[in-house]
Amino acid sequence: MPVHSYTWIITVAVMLGLLIFDVLLMKRHPHKPSAKECSIWVSVYIGLAVLFGMGVWMLAGRSWGRQFYAVWITEYSLSLDNLFIFIILMSKLKVPEKLQQFALLCGIILALVFRGVFIALGKAVLDAWAWVFFVFGLFLLYSAISLVREYFSKEGNGEDAPDNALMRWVKRRVPTTGDYRGTAFFVREGGKRLATSMLTVAVALGSTDLLFALDSIPASYGLTNEPYLIFTANVFALMGLRQLYFLLGNLLNRLVFLQLGLAVILGFISLKLVGHAMNHYGLDDKWLGFSAEVSEGVSLGVIIGTLIVTTVVSLTYSRLHPGASGRD
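About the thresholds
- Residues numbered from 1 in each chain as written.
- Predicted model: local features only at pLDDT ≥ 70, side-chain atom pairs only at ≥ 80, totals over all residues.
- Heavy atoms only, no water.
- Core = buried A, V, L, I, M, F, W, Y, C linked by side-chain atoms within 4.5 Å.
- Buried < 20%, exposed > 50% of the residue type's maximum accessible area, 1.4 Å probe, protein only.
- Helix = DSSP H or I, 4+ residues; strand = E, 2+ residues; numbered from the N terminus.
- Contact = heavy atoms within 4.5 Å.
- Disulfide = S-S within 2.5 Å.
- Salt bridge = Lys/Arg side-chain N within 4 Å of Asp/Glu carboxyl O.

Q: Describe the nonpolar core, naming the residues involved and giving the relevant values.
A: Of all hydrophobic cores here, the largest spans 89 residues; its most connected members are Trp72, Leu83, Met90, Val95, Val201, Leu205 and Ile269. The element contributing the most residues to this core is helix α3 (residues 62–92), with 16 residues. Once residues within four sequence positions are removed from consideration, leucine 205 is found in contact with Phe86, Leu89, Met90, Ala103, Leu104 and Gly107.

So this is what it looks like as structure tokens:
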């Protein structure tokens, strides 16, 4: 799928314009959004993603359209698991309700920057060394197994979220006020420039998402080799994340089998990556006697099917067992 540099420039410019408008709006009117407001914005972002995919389908072809939808749905489903950690971080850092939406937006902006770097590096690495598909595949398989082990052992389901290296560096190196001053990141006190807790929470959210990107970006490259589709899918998945945070809230705890569903998706994509690498080197015909490539239609069907089954089974189980929770 040839993507002209002008297309990239226009896409990034539109995204930056929306983010700047959003930031300025949140700074002037920080508030906890209502369920109606969240529903509207989530619907808008989903609608825009669907329309964008239709545009790709019509302009570039059915195959590329399927690839975009597969990546977007995968990124969107993986982002749901991020929300569990975001909820813990917000509680741990005692973010006031009216400031949570602004904090989430800032964290999402950092996440988009980090993911953009990851996407660019991933493309460069895969173009230079096709064998890295084997590495990505094994890494995703390990991630899938880790999700299953975590689910059954209930590791990481506690009330605390560990600090990462960036968070520890900020705490050591950046003098802070230790409280929130509205949406300000820095204030002056006693002639010194101090960071507020808003900077701490933005770094925490953005850097935490970076850890999730270690899984999601290789998974995306398992579904398409076009960085433009991966980038736009990530934009659409992350832009509505803060509204989902407020909209879903307690509903997330009813998705008791979400981790297992995500493990199935990551496991499938890991096998798809290994199959693609084997096909690239002609090993599938030699060792298996058939092509190990998986079509976009099959990939999309497996991802959507897994999410539907996971959601239906989770909600049914939650209704029959009211005390059950995916994070208890």
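Q: If you had to explain unusual backbone geometry to someone new, which residues and values would you point to?
A: The general pattern is negative phi for most residues beyond glycine and trans for most peptide bonds. Backbone geometry places lysine 94, a non-glycine residue, at a positive phi of 50°. With relative accessibility at 66%, the residue lysine 94 sits in the exposed group.

Q: A description of the state of the cysteines should follow, citing residues and the corresponding values.
A: Disulfide: a covalent bond formed between the sulfur atoms of two cysteine residues. Scanning all chains against the criterion turns up zero disulfides. Here cysteine 38 is not disulfide-linked; the sulfur of cysteine 106 is the nearest cysteine sulfur, at 17 Å.

Q: A description of the environment of glutamate 37 should follow, citing residues and the corresponding values.
A: Position of glutamate 37 relative to the elements: it lies in helix α2 (residues 35–60). Once the C-alpha coordinates of glutamate 37 and glycine 47 are considered, the two residues, ten residues apart in sequence, prove to be 15 Å apart. The residues touching glutamate 37, leaving out its near neighbours within four places in the chain, are His31 and Gln101.

Q: With reference to specific residues and values, describe the pattern of salt bridges.
A: Pairing between side chains of opposite charge can happen when the charged atoms of each approach one another. Under the definition given, this model contains five salt bridges. A salt bridge links aspartate 179 to arginine 181; the shortest N-O distance between them is 3.0 Å. Overall, the relative accessible area of 29% leaves aspartate 179 in the partly exposed class.

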